[in-house]
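Residue-level structural notes
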Amino acid sequence: MGAAEAALAPVGMSVATAIAPASFVSQVVGVFWLSAALGAGFGGNAMKLAGSSAPGAGLFLVLGAAAVGAGSVLLLSARGLARRLGV
């Protein structure tokens, strides 16, 4: 997890500062880190609900569905993001 954070954090920070309007860079970077904290919190609570046993297929189904949902939202907003990034 540490290696993933070290690899993705600079890229996420770069994108967050690139798409943010000049007057809202701090807020967008704050939301970037808030989303990381919320994800870690949700993951920790999901494991707490699973108990001491190994998580079942239901947990991974919910996590996969959430990832597909987030990907769908990004796909739908790709044109706006590309315009903001100048791509």
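As shown above, the structure is provided for reference.
Here is a short report on the structure shown in this document. Just so we're clear, the structure is a prediction, and the values are computed from it rather than from any experiment.

**Section: the layout of surface pockets**
Any empty space left between the atoms is revealed when a probe the size of a water molecule rolls over them. Roughly 180 Å³ of volume is contained in the second largest pocket. Lining the second largest pocket, in full, are Val-15, Ile-19, Leu-74, Leu-81 and Leu-85. At the level of elements, helix H1 (2-19) and helix H4 (78-85) are the ones that each hand at least two residues to the lining of the second largest pocket. Taken together, the residues of the lining of the second largest pocket sort by class into five nonpolar, no polar and no charged.

**Thoughts on H1**
Here H1 spans 26 Å end to end across 18 residues, near enough to the 26 Å set by a 1.5 Å rise per residue. The sharpest bend along H1 measures roughly 30° and falls at Leu-8, with the proline Pro-10 sitting one to four residues further on. Inspection of H1 places Ala-9, Gly-12 and Ala-16 among the buried residues, and these make up the whole buried set.

**Notes on the packing of aromatic side chains**
The description of an aromatic ring pair uses the distance of the two centres, along with the angle that the planes make with each other. Under the defined criterion, the tally for this structure stands at one aromatic pair. Centre to centre, the rings of Phe-32 and Trp-33 are 5.0 Å apart; their planes meet at 70°, and the pair counts as edge-to-face. Residue Phe-32 is classed as partly exposed on the basis of its relative accessible area, which comes to 23%. Residue classification places Trp-33 among the partly exposed positions, given a relative accessible area of 36%.

**Some words on the packing of H1 against helix H2 (residues 25-50)**
A packed helix pair is summarised by two numbers, namely the angle formed by the two axes and the spacing between the axes. Relative to each other, H1 and H2 sit at 150°, their axes nearing to 9 Å. The angle between H1 and H2 places the two elements in the roughly antiparallel class. Helix-helix and strand crossings are classified by hand; for H1 and H2 the assignment is right-handed. Along the contact surface, H1 presents Glu-5, Ala-9, Gly-12, Met-13, Ala-16 and Thr-17, while H2 presents Val-25, Val-28, Val-29, Phe-32 and Trp-33. Grouping the amino acids of the contact of H1 with H2 by side-chain chemistry returns eight nonpolar, two polar and one charged.

Basis of the calculations
Residues numbered from 1 in each chain as written. Predicted model: local features only at pLDDT ≥ 70, side-chain atom pairs only at ≥ 80, totals over all residues. Heavy atoms only, no water. 1 Å grid on protein atoms, 1.4 Å probe; cavity = no way out; pocket = protein on both sides within 12 Å on 5 of 7 lines; lining within 4 Å. Points joined across faces, edges and corners; volume = space filled by probe spheres on them. Helix = DSSP H or I, 4+ residues; strand = E, 2+ residues; numbered from the N terminus. Nonpolar A, V, L, I, M, F, W, Y, C, P; charged D, E, K, R; others polar. Expected span 1.5 Å × (residues − 1). Bend = angle between axes of the 7 residues up to and from the residue. Buried < 20%, exposed > 50% of the residue type's maximum accessible area, 1.4 Å probe, protein only. Phe/Tyr/Trp six-rings, centres within 6.5 Å; stacked < 30°, edge-to-face > 60°. Axes fitted to C-alpha atoms, helices over the stretch in contact; angles between N-to-C directions. Parallel < 35°, antiparallel > 145°, perpendicular 65-115°, else oblique. Left-handed = near helix turned anticlockwise from the far one by under 90°. Contact = heavy atoms within 4.5 Å.

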